[in-house]
Amino acid sequence: MKYAGKLSKMSSDRQNWTIDDMFESNIAKEKSTGSKDMEQLRSKNQREHKQLESCNLCLDKCSKESIVHIGKTLYVKVPHLKSMTKFQCQIVPVDHIIASVNGDEDFWDELKNTKSSLVNSFASKKLDTIFLESAQNLGKRHHIVIDCIPVPMDEGALLPAYFKKEIMDCDVEWAQNKKLIDTRKKSLKRSIPQGLPFFSVEFGTDGGFAHVIEDERLFKRYFGLQIVGGVLDCDVNLWRNPAKETPEGLKYKKRVFEKLSIKFC
């Protein structure tokens, strides 16, 4: 009986120790997990801060030699790289956003009006307007740019068919998302959820096509430029890896663009 009592006490102590130990272990794990989460959050904030500090597309850091219009939520600039066509320009959000679909209603209202102003101006020169957006590598938080490329109307009439075919043939063979999204019926903002990488092309103010990128390793950053460049028979270097524009070239492009005297809404 004496030994039985000792064994019973030892068993009880072992059980109590195990429960206490498990409790303390769980607390330690939670602290460790919380510490790791805090460290990851701190690292993420540091990366984002560094990205903002080094971003040359944020309005206060963008070269004023390239800017042709400043609005409330966006600005328009000529490219700092060699252009494929005359009057080629870029629409850039004032705020550091990584995709147009992340913009608020004020941004989208101004974007719509800015596109309309550009389209009308280029139409007076017998040019169609193509808008391209590639929201890729979202984790790197690159400042989004919307390319605006005026093209002769004959070539502009061909581009919707070319883009439709190339989008259907691009990326992975078996896609989880619909390969071709028609934004002529439903706006891009309502068609693409935030947080997904995508490509978009619009033809004037009539909308166009969008594609959710399934495998960014297979989808080239110059996808849209390649199609436009191919139809226009541009030098491959103008869309694959365009050279940086010279200061004189940048000033010239700005002067040429400003002669259009576009009245932005």
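Residues numbered from 1 in each chain as written. Predicted model: local features only at pLDDT ≥ 70, side-chain atom pairs only at ≥ 80, totals over all residues. Heavy atoms only, no water.

**Some words on empty space enclosed by the protein**
The line we're drawing: Lining residues are those with an atom within 4 Å of a point, where the points come from a 1 Å grid over the protein atoms alone and group into cavities, where a 1.4 Å probe fits but cannot get out, or pockets, open sets with protein on both sides within 12 Å along at least five of seven lines. Grid points are joined across faces, edges and corners, and a volume is the space filled by probe spheres set on the points. Each helix corresponds to a stretch of at least 4 residues labelled H or I by DSSP, and each strand to a stretch of at least 2 residues labelled E; elements are numbered beginning at the N terminus. Residue polarity is assigned by list, with Asp, Glu, Lys and Arg as charged and Ala, Val, Leu, Ile, Met, Phe, Trp, Tyr, Cys and Pro as nonpolar; anything else, Gly included, falls into the polar class.
For the coordinates displayed, the defined rule picks out one cavity of 30 Å³ or more. In this structure, the largest cavity spans a volume of roughly 60 Å³. Forming the boundary of the largest cavity are Ser 100, Trp 108, Leu 111, Lys 115, Phe 131, Leu 132, Glu 133, Ile 146, Leu 188, Ser 200 and Glu 202. Elements represented by at least two residues in the lining of the largest cavity include exactly helix 2 (105-123), strand 4 (127-135) and strand 7 (198-203). Tallied by class, residues from the lining of the largest cavity come to six nonpolar, two polar and three charged.

**Some remarks on helix 2**
Spacing of three or four residues puts side chains on the same side of an α-helix, whose turn is 3.6 residues. Selection criterion: Every helix has an expected span of 1.5 Å times one less than the residues it contains. Only protein chains enter the calculation, and the probe is 1.4 Å; a residue is then buried if its accessible area is under 20% of its type maximum, exposed if over 50%, and partly exposed in between. Any N or O atom pair separated by 3.5 Å or less is treated as a polar contact, with the protein-specific requirement of one donor-capable and one acceptor-capable atom, and with residues adjacent in sequence counted only for side-chain atom pairs.
In a regular helix each residue adds 1.5 Å, so 19 residues correspond to 27 Å; helix 2 covers 27 Å between its end C-alpha atoms and thus fits that length. Among all positions of helix 2, only Phe 107, Trp 108, Glu 110, Leu 111, Thr 114, Lys 115, Ser 117, Leu 118, Val 119, Ser 121 and Phe 122 are buried. Where helix 2 begins, the capping side chain belongs to Asp 104, and its oxygen is found 3.2 Å from the backbone nitrogen of Asp 106.

**Things to note about the layout of surface pockets**
Empty space within the largest pocket amounts to approximately 980 Å³. If you list the elements that add at least two residues to the lining of the largest pocket, you get helix 1 (2-54), strand 4 and helix 5 (223-232). Examining the composition of the lining of the largest pocket, we find that four residues originate from one element, strand 4, more than from any other. Looking at the lining of the largest pocket residue by residue, the classes come out as 17 nonpolar, 13 polar and five charged. A volume near 410 Å³ is recorded for the second largest pocket.

**Side note on a negative patch on the surface**
Put simply, the rule reads: Patch membership requires more than 30% relative accessible area and the absence of a salt bridge. Residues of like charge join within 9 Å; the nonpolar side chains Val, Leu, Ile, Met, Phe, Trp and Tyr join within 5 Å. Working definition of accessibility: Shrake-Rupley area with a 1.4 Å probe, residue cover restricted to the visible protein chains. Every case where a carboxyl oxygen of Asp or Glu lies within 4 Å of a side-chain nitrogen of Lys or Arg is listed as a salt bridge. Positive charges are assigned to Lys and Arg, negative charges to Asp and Glu, while His and the chain termini are left out of the count. Every charge is mapped to an atom, namely NZ of Lys, CZ of Arg, CG of Asp or CD of Glu.
Residues Asp 95, Asp 104, Glu 105, Asp 106 and Asp 109 make up a contiguous surface patch of negative charge. Residue placement: Asp 106 occurs in helix 2. Judged by its relative accessible area of 53%, Asp 106 is exposed.

**Quick look at the pattern of salt bridges**
Per the stated rule, a full pass over the model turns up seven salt bridges. Between Arg 184 and Asp 182 there is a salt bridge; the shortest N-O distance is 2.8 Å. Classification of Arg 184 by relative accessible area gives partly exposed; the value is 49%. Under the relative-accessibility criterion, Asp 182 is labelled partly exposed at 22%. Between Asp 215 and Arg 217 there is a salt bridge, and its shortest N-O distance comes to 3.1 Å. Take Asp 215: its relative accessible area is 14%, and that puts it in the buried class. Since its relative accessible area comes to 71%, Arg 217 is described here as exposed.

**Structural notes on the nonpolar core**
Basically, it comes down to this: Among buried residues, the Ala, Val, Leu, Ile, Met, Phe, Trp, Tyr and Cys ones that are joined through side-chain atoms within 4.5 Å form a nonpolar core. Contact criterion: two residues are considered in contact whenever any of their non-hydrogen atoms come within 4.5 Å of each other.
One finds Ile 91, Leu 118, Phe 122, Ile 192 and Phe 257 to be the most contacted residues of the largest nonpolar core, which totals 36 residues. Of all the secondary structure elements, the ones that give two or more residues to this core are strand 2 (74-77), strand 3 (89-93), helix 2, strand 4, strand 5 (146-152), strand 8 (208-212) and helix 6 (247-258). In terms of residue count, helix 2 provides more of this core than any other element does, six residues in total. Those residues in contact with Leu 118 that lie beyond four places of it in its chain are Cys 89, Ile 91, Thr 129, Phe 131, Cys 148, Phe 257, Ile 262 and Phe 264.

**A short note on the packing of helix 3 (residues 153-169) against helix 5**
To keep it simple, the criterion reads: Simply put, an axis is a line fit to the C-alpha atoms, just over the touching stretch for a helix, and the angle between two N-to-C directions goes from 0 to 180 degrees. Each angle gets one of four labels, with under 35 degrees taken as roughly parallel, over 145 as roughly antiparallel, 65 to 115 as roughly perpendicular, and the rest as oblique. What makes a crossing left-handed is the near helix being turned counterclockwise from the far one by less than a right angle; a clockwise turn instead makes it right-handed.
Their axes nearest at 10 Å, the elements helix 3 and helix 5 cross at an angle of 135 degrees. Between helix 3 and helix 5, the angle is such that the two are oblique. For the pair helix 3 and helix 5, the sense of crossing is right-handed. Together, Glu 155, Leu 159, Tyr 162, Phe 163, Glu 166 and Ile 167 of helix 3 and Phe 223, Gly 224, Ile 227, Val 228, Val 231 and Leu 232 of helix 5 make up the contact between the two elements. Taken together, the residues that form the contact of helix 3 with helix 5 break down as nine nonpolar, one polar and two charged.

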